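# Architecture at a glance
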There are 2 protein chains.
Amino acid sequence: METRELRYFVAVAEELHFGRAAQRLGIAQPPLSRAIQQLERRLGVALLERTSRAVALTDAGAVLLREGRAALDAVDAAGRRTRRAAHAATGGPDLVLVTKAGTAGELLSKLLDAYAAEAGAVTVDVLLCGPGEQEKLLRDGRADVALLHRPFDSTAGLDTEELRTEGQVALLPAGHPLTARAHLRLADVTALPGLPMPYVLAPDGTYVDGSGPPFRSHEQLYQLIALGRASAVLPEECRAHLPRDVAAVPVLDAPTVTTVIAWPPQSRSRALAGLVRAATRL
Amino acid sequence: METRELRYFVAVAEELHFGRAAQRLGIAQPPLSRAIQQLERRLGVALLERTSRAVALTDAGAVLLREGRAALDAVDAAGRRTRRAAHAATGGPDLVLVTKAGTAGELLSKLLDAYAAEAGAVTVDVLLCGPGEQEKLLRDGRADVALLHRPFDSTAGLDTEELRTEGQVALLPAGHPLTARAHLRLADVTALPGLPMPYVLAPDGTYVDGSGPPFRSHEQLYQLIALGRASAVLPEECRAHLPRDVAAVPVLDAPTVTTVIAWPPQSRSRALAGLVRAATRL
DNA sequence: CCGGATCGATACCCGAGAGGTATCGCTGCC
DNA sequence: GGCAGCGATACCTCTCGGGTATCGATCCGG
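Calculation notes
- Residues numbered from 1 in each chain as written.
- Chains lettered and ligands numbered in written order.
- Predicted model: local features only at pLDDT ≥ 70, side-chain atom pairs only at ≥ 80, totals over all residues.
- Heavy atoms only, no water.
- Pairing = 2+ DSSP bridges.
- Helix = DSSP H or I, 4+ residues; strand = E, 2+ residues; numbered from the N terminus.
- Axes fitted to C-alpha atoms, helices over the stretch in contact; angles between N-to-C directions.
- Contact = heavy atoms within 4.5 Å.
- Near = heavy atom within 4 Å.
- Polar contact = N/O pair within 3.5 Å; in protein donor to acceptor, adjacent residues only side chain to side chain.
- Nonpolar A, V, L, I, M, F, W, Y, C, P; charged D, E, K, R; others polar.
- Least-squares fit on C-alpha atoms with pLDDT ≥ 70 in both.
- Buried < 20%, exposed > 50% of the residue type's maximum accessible area, 1.4 Å probe, protein only.

Attention now goes to the sheet that holds strand β5 (residues 145-150) of chain A. Residue and element names in this part refer to chain A. Ordered in space as β4-β3-β5-β12-β6, the 5 strands form an open sheet in which the pairing is mixed. Two strands lie at the open edges of the sheet, namely β4 (124-129) and β6 (159-166), each paired on one side alone. Looking at each pair of strands side by side, their axes are set apart by 25° on average, direction ignored. Relative to β4, strand β3 (residues 95-100) runs parallel, the two sharing 6 bridges. Across the sheet, Leu95 pairs through a bridge with Val124, a residue of β4. Against the sheet, helix α5 (residues 105-116) touches β3, β4, β5, β6 and β12 (257-263), its axis set at about 165° to β4.

Set out below in structure tokens:
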């Protein structure tokens, strides 16, 4: 199977529409139809159910979509890491570390300082991204190592070392009655009248959209809370950056957050090993 | 990057010889030279140092060899799993479980029985292979799930659940003086005069070749031990199959062996989840 | 119930590029 | 210095990927 065929199939499987997929790929529709037919013939498997009005994935097609995305990521990763290995010799970064914007600030700077002080330390670039993007960046080679937060981020398929565990705190407007309490329970802060959460913690530890107003950054969230328009539950670490008009109260029964350093298992470079070692020594 | 180019590069990088690589790939040498040049041009990276007498990998080339193998495995896996997903509907196996030949017999049959008794159980094929091959089979899609033994097998990049832990025993000819002891230490059995080990446990838990005679199967190994030509250290579980003329004595300070069930993180099918659940309930 | 719109498949053509053969240029060795 | 081994180059062929035009089926509005 060629990566071209995989890319074509993934595009069609995502769009479920040959015309749009062809447009996205920058080719005409007929060659795309033929390429998919050829792929099906070569695999001996029907991947798509087409009527002349709609396209749907077969079970096998769903498998190829999932596995094909992973394979394309792996191919991309091979190219990116190779290029970076070469450019590292001419001033590029040797390692790219990615973390969610607005998290692990203290821990990260301590880690970078500790690593930079080591013998043989190499250039480390830091990349900030939105939630859920880190794993993608690791898998497709744009990053080499990440700071993740269990159980929010998935660490499936990654090697990890635990760095720190912390509880979570509820963020409320300063002066709210509950801020007088020494600690809270989840039941106290979910569904506070007038203070909806922009997101809620699902039972499996991931965030899902809640009823509160949307926000784009931590600053926005803090401002919404200070204005008495929202509340939130976040790891303790956020207390370091809170404005004065937002109060934090520990939530005893919120799941514990573990910060881990994670990397793709097959890319065990010397530089990466050094960084991981520095991290575990913190 | 196309998989064809990756396959070509991996062949050359492994052979370090364009002629042999071309032969292995079933093409002539000139197109291979050109394909590699084109790959280097497209990546903008020198992958190979060629003199007219020898070929060597550059640092970037070594990265591409490692990452490229993983990417090719992922592409193969996508094709194999897709084909299997389709053939499962027409009588093929839904899941392929792989384990090292000669290990986990008792545990495996209990697992298969327990799973088969579940509602919604699907066909499970069992594949036996040599040491170190299981991870490869999982990564390239020939198998879906494996029984591995830590610390001998690497579980990097796999999701795992622990099933059982056990100590290790020294295998000696029946009647050997040490068989009178209730337990031993590693120091007692390494370098026994006249009883060399065909392999030795390296400090990191992997096997490396030792000074003893080579063997191809557990039966051969047992026979060598019975004849007084070798000794070995194996997980306790092997006691179930030992012939009468081989004695087993626990080795207190040998590393504990953990049997785990492992699967590639992105292939979380319903059938696989059921099998894993059955395994953890054992 | 019919005509147009939509969408995937087919027919046909063209050019890029993958692969083959012949040969060159360099290097180490007897 | 001649020769053998090896990778690179020159040049040819032909497959196949991609484009345009069009068909056939289906849905929908009037």
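Moving on from the model shown.
Take the protein's contact with DNA strand C next. Taken together, 22 residues are adjacent to DNA strand C, and Ser33(A), Arg50(A), Arg53(A), Ala28(B) and Ser52(B) come closest. Near the protein, meaning within 4 Å, the atoms of DNA strand C are sugar or phosphate in a fraction of 66%, with bases accounting for the rest. Within the side chain of Gln37(A), a nitrogen or oxygen atom sits 3.0 Å from a phosphate oxygen of DNA strand C. A distance of 3.0 Å separates a base oxygen of DNA strand C from a polar atom in the side chain of Arg34(B). Mapped onto the surface near DNA strand C, the elements with two or more residues apiece are α2 (18-25) and α3 (29-43) of chain A together with α1 (3-15) and α3 (29-43) of chain B. Across the surface near DNA strand C, the residue classes break down as 8 nonpolar, 9 polar and 5 charged.

When chain B is fitted to chain A, the residual RMSD is 0.1 Å, and the transformation amounts to a turn of 180° plus an axial shift of 0.0 Å. Accordingly, the operation relating the two chain copies is best matched by a two-fold axis. When C-alpha positions in chain B are compared against the rotation axis, the closest is assigned to Gly157(B), at 2.1 Å.

All names here are of chain B. In this structure, Glu219 sits in helix α8 (residues 218-226). For Glu219, a relative accessible area of 55% translates into the label exposed. Placed 66 residues apart in sequence, Glu219 and Asp153 show a C-alpha to C-alpha distance of 21 Å.

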